[in-house]
Amino acid sequence: MTNISKLFDSKRLEITIDRLCQQIIENHKNVENFILVGLQPRGVYFLERIKYKLEKNLIKEVNTGYLDTTFYRDDFRSNDVPTARETRITDSVDGKDVVIVDDVLFTGRTVRSAMEGIMNFGRPKKIELLVLIDRYYSREIPIEPTYCGIKLNTITSERVEVNLTEQGFEEDSIIIKNKSNE
Amino acid sequence: MNNLNSKDILGTRDLSIEEINLIFDTAKKFKEVLSRPIKKVPSLRHLTVANIFFENSTRTKLSFELAQKRLSADVINFSSSVSSVKKGESLLDTINNILVMKVDMIVMRHPNPGAPHFVANNIDIPVINAGDGTNEHPTQALLDSFSIIEKLGSIKNKKIAIIGDISHSRVAISNIHLLKKLGAQIMLCGPKTLMPKYIKDMGVSVRNNVREALEWCDVANILRIQLERQNEKYFPSIREYSLYYGINKELLDSIKKDVIIMHPGPINRGVEISSDVADSNKSIILDQVENGVAVRMAIMYLLSFHRSS
């Protein structure tokens, strides 16, 4: 049996995104000097939400990019070949503030791979991490978010999903699936 | 589908259309990696790859070695001309000796058709055929098709002419198998003496007039005369071959359509192709070389997930 509990609806999500954007603006005086990098596959949907809101608030274009961390993963001994998705970072990251954007921070391994990937595009002045959900007792690597939507205390067998309308869902929602009874 | 069916890449005749598309999709991602300031990913840092070449090679060997280094694999190189093969060691003994040194993947070129198949059947690790005699050269065909798709968007129903020494060409055989699977129309063109007798059975048309072939095709893949494999005279002289089958600017200009020019290299300038054609904007010869690294990265990356049973 799978228990599903709904955590967020679209209204709450918008308030949270608004707050995260204000925090970014507070920390970065110069918009030209930062670049938001969404992690494939789901981080890029969340990135677009952040970008939209930031541009609306700043009335300026915000630099963004996508990064796929497949080739940097550390679980190379698994038998499944992970599907590589598009990476698109057109601007140099040299001397810039890079904000990595992902929907859920879990073990921290993806973010570690992402940092390695970003360093291959140059030497950023600073790397920050923005996540919507921080599953904070599940970390396997010492990585903490700079900007965080909500902290969740979950166990490993639970699954946290951020479902946005852009991904084909009827409405925005964040749900926790508990598979422990299966 | 996200994995290759076999542990080896021995020929394009064994590949399914899904496998081909998987290789191309993955190669596209690696091509992007190659455009980064740091063109290296750590995907194969846990592997050691042996490049075992029993036959000369410049491009293929460099391309494989560069692909391995871009994937962070450890690389060892072996050339038969400077090895114990000259002292009478058998193929399997040579391979087994390399294997006990904990090699994880083998890239192999051999003058005898089927040699990589023999090795692949006798060992558990992935073997990639980098050319076996006149049989197959699968990575070359894959990079050729990848380059055509990059230029034309698709291969389906495109007219591809393969011109030159078909008899001695593994590139031609691998290309025919692959292009057929991708839905191309294929014409072979060359002197009758350099055309295999039953080649039409592969579902290709054959012409002996190079102008007719060029007027028909969208893409011309021009092959070198493989003098090193020819034990007898197939045509009176190189000069005469060049006169009848050499592709020069004058000939191309007289054709009322754009033809994309390809060549797997090495080029014999002034024999099968003139310099002004090889260096023209119709030629994608250097794109082929560039794409070769990305395609080989994709193949080795995908094979690296294969576990011996």
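Residues numbered from 1 in each chain as written. Chains lettered and ligands numbered in written order. Predicted model: local features only at pLDDT ≥ 70, side-chain atom pairs only at ≥ 80, totals over all residues. Heavy atoms only, no water.

> Could you give an account of the sheet that holds strand S1 (residues 48-53) of chain B, naming the residues involved and the relevant values?
Residue and element names in this part refer to chain B. In space, the four strands of this open sheet follow the order S2-S1-S3-S4, with parallel pairing throughout. Where the open sheet ends on each side, the last strands, each with one partner, are strand S2 (74-79) and strand S4 (127-132). Put simply, the sheet's adjacent strands are angled 10° from each other on average, direction ignored. Where strand S3 (residues 105-110) lies against S4, four bridges are found, and the strand directions are parallel. Note that in S4 the partner of Val 107 across the bridge is Ile 128. The strands touched by helix H3 (residues 91-99) are S1, S2 and S3; relative to S3, the strand with the most contacts, the crossing angle is about 155°. (Pairing = 2+ DSSP bridges. Helix = DSSP H or I, 4+ residues; strand = E, 2+ residues; numbered from the N terminus. Axes fitted to C-alpha atoms, helices over the stretch in contact; angles between N-to-C directions. Contact = heavy atoms within 4.5 Å.)

> Please provide a residue-by-residue account of the packing of helix H5 (residues 138-152) of chain B against helix H6 (residues 170-181) of chain B, values included.
Angle between the axes and distance between the axes are the two parameters that describe a pair of packed helices. Residues and elements named next belong to chain B. Contact geometry of H5 with H6 gives a least axis separation of 8 Å together with a crossing angle of 55°. Considering the angle they form, H5 stands oblique to H6. Crossing of H5 over H6 shows right-handed handedness. Along the contact surface, H5 presents Pro 138, Gln 140, Ala 141, Leu 142, Asp 144, Ser 145 and Ile 148, while H6 presents Val 171, Ser 174, Asn 175, Leu 178 and Leu 179. Tallied by class, residues from the contact of H5 with H6 come to seven nonpolar, four polar and one charged. (Parallel < 35°, antiparallel > 145°, perpendicular 65-115°, else oblique. Left-handed = near helix turned anticlockwise from the far one by under 90°. Nonpolar A, V, L, I, M, F, W, Y, C, P; charged D, E, K, R; others polar.)

> How would you explain the pairing of strand S8 (residues 173-178) of chain A if you had to name every residue and give the values?
Residues and elements named next belong to chain A. Summarising burial for S8: five of the six residues are buried, a large majority. Note that strand S1 (residues 3-8) and S8 share five bridges and pair antiparallel. Looking at S8, one finds that Ile 4 is bridged to Lys 177. Pairing geometry for strand S7 (residues 158-163) and S8, over six bridges, is antiparallel. Opposite Glu 161, over in S8, you have Ile 175 as the bridge partner. (Buried < 20%, exposed > 50% of the residue type's maximum accessible area, 1.4 Å probe, protein only.)

> Can you explain unusual backbone geometry? Please cite residues and give values.
A:Gln40 connects to A:Pro41 through a cis peptide bond whose omega is 0°. You can see A:Pro41 is positioned in the loop between strand S2 (34-39) and helix H2 (43-58). The omega angle of the peptide bond from B:Gly265 to B:Pro266 is -5°, so this bond is cis rather than trans. Take B:Pro266: it is sitting in the loop between strand S9 (260-262) and helix H10 (275-278). The phi dihedral of B:Ser72 is positive, around 70°, even though this residue is not glycine. Tracing the sequence through the fold places B:Ser72 in the loop between helix H2 (59-70) and S2.

> Break down the domain arrangement of chain B for me, citing the residues and quoting the values.
Residue and element names in this part refer to chain B. Split by domain assignment, chain B resolves into domain 1 (12-136 + 289-303) and domain 2 (138-285). Computed over C-alpha atoms, the centres of domain 1 and domain 2 are 25 Å apart. Counting the surface domain 1 buries against domain 2, the share from its top three residues, Thr 12, Phe 24 and Thr 134, is 26%. On the surface where domain 1 and domain 2 come into contact, there are two salt bridges. At the junction of domain 1 with domain 2, the criterion picks out twelve residue pairs in polar contact (both at pLDDT 80 or more). Taken together, the elements giving at least two residues each to the side of domain 1 that touches domain 2 come down to helix H1 (17-33), H2, S3, S4 and helix H11 (285-303). The greatest single-element share of the side of domain 1 that touches domain 2, amounting to seven residues, is contributed by H1. Among the residues making up the side of domain 1 that touches domain 2, the classes are represented as eleven nonpolar, nine polar and ten charged. (Domains from an automatic or database assignment. Buried area = accessible area lost by both parts, 1.4 Å probe. Salt bridge = Lys/Arg side-chain N within 4 Å of Asp/Glu carboxyl O. Polar contact = N/O pair within 3.5 Å; in protein donor to acceptor, adjacent residues only side chain to side chain.)

> Explain the layout of surface pockets to me, using residue names and the numbers behind them.
Residues and elements named next belong to chain A. Counted as a void, the largest pocket has a volume near 920 Å³. Residue lining of the largest pocket: 34 residues in total, with Arg 42, Arg 73, Asp 102, Phe 106 and Thr 110 positioned closest to the centre. For the lining of the largest pocket, the secondary-structure elements that each account for two or more residues are strand S4 (97-105), helix H3 (109-119) and S7. Top contributing element to the lining of the largest pocket by residue count: S7, with six residues. (1 Å grid on protein atoms, 1.4 Å probe; cavity = no way out; pocket = protein on both sides within 12 Å on 5 of 7 lines; lining within 4 Å. Points joined across faces, edges and corners; volume = space filled by probe spheres on them.)

> Explain empty space enclosed by the protein residue by residue, including any values.
Residue and element names in this part refer to chain B. Inspection of every chain in the model, using the stated rule, returns three cavities of 30 Å³ or more. For the second largest cavity, the full set of lining residues is Arg 59, Thr 60, Ser 63, Gln 140, Leu 143, His 263, Pro 264, Ile 285, Gln 288, Val 289, Gly 292 and Arg 296. Of the residues belonging to the lining of the second largest cavity, the class tally is four nonpolar, six polar and two charged. Here the lining of the second largest cavity spans two domains, and each of domain 1 (12-136 + 289-303) and domain 2 (138-285) adds at least three residues to it.

> Mind laying out the environment of B:Met300, listing which residues take part and the relevant values?
Residues and elements named next belong to chain B. Along the chain, Met 300 falls in helix H11. Met 300 sits in the buried class, given a relative accessible area of 0%. Separated by 251 residues in sequence, Met 300 and Val 49 place their C-alpha atoms 9.4 Å apart. The contacts of Met 300, once residues within four sequence positions are left out, are Leu 44, Phe 64, Ala 67, Gln 68, Leu 71, Met 105, Val 107 and Ile 128.

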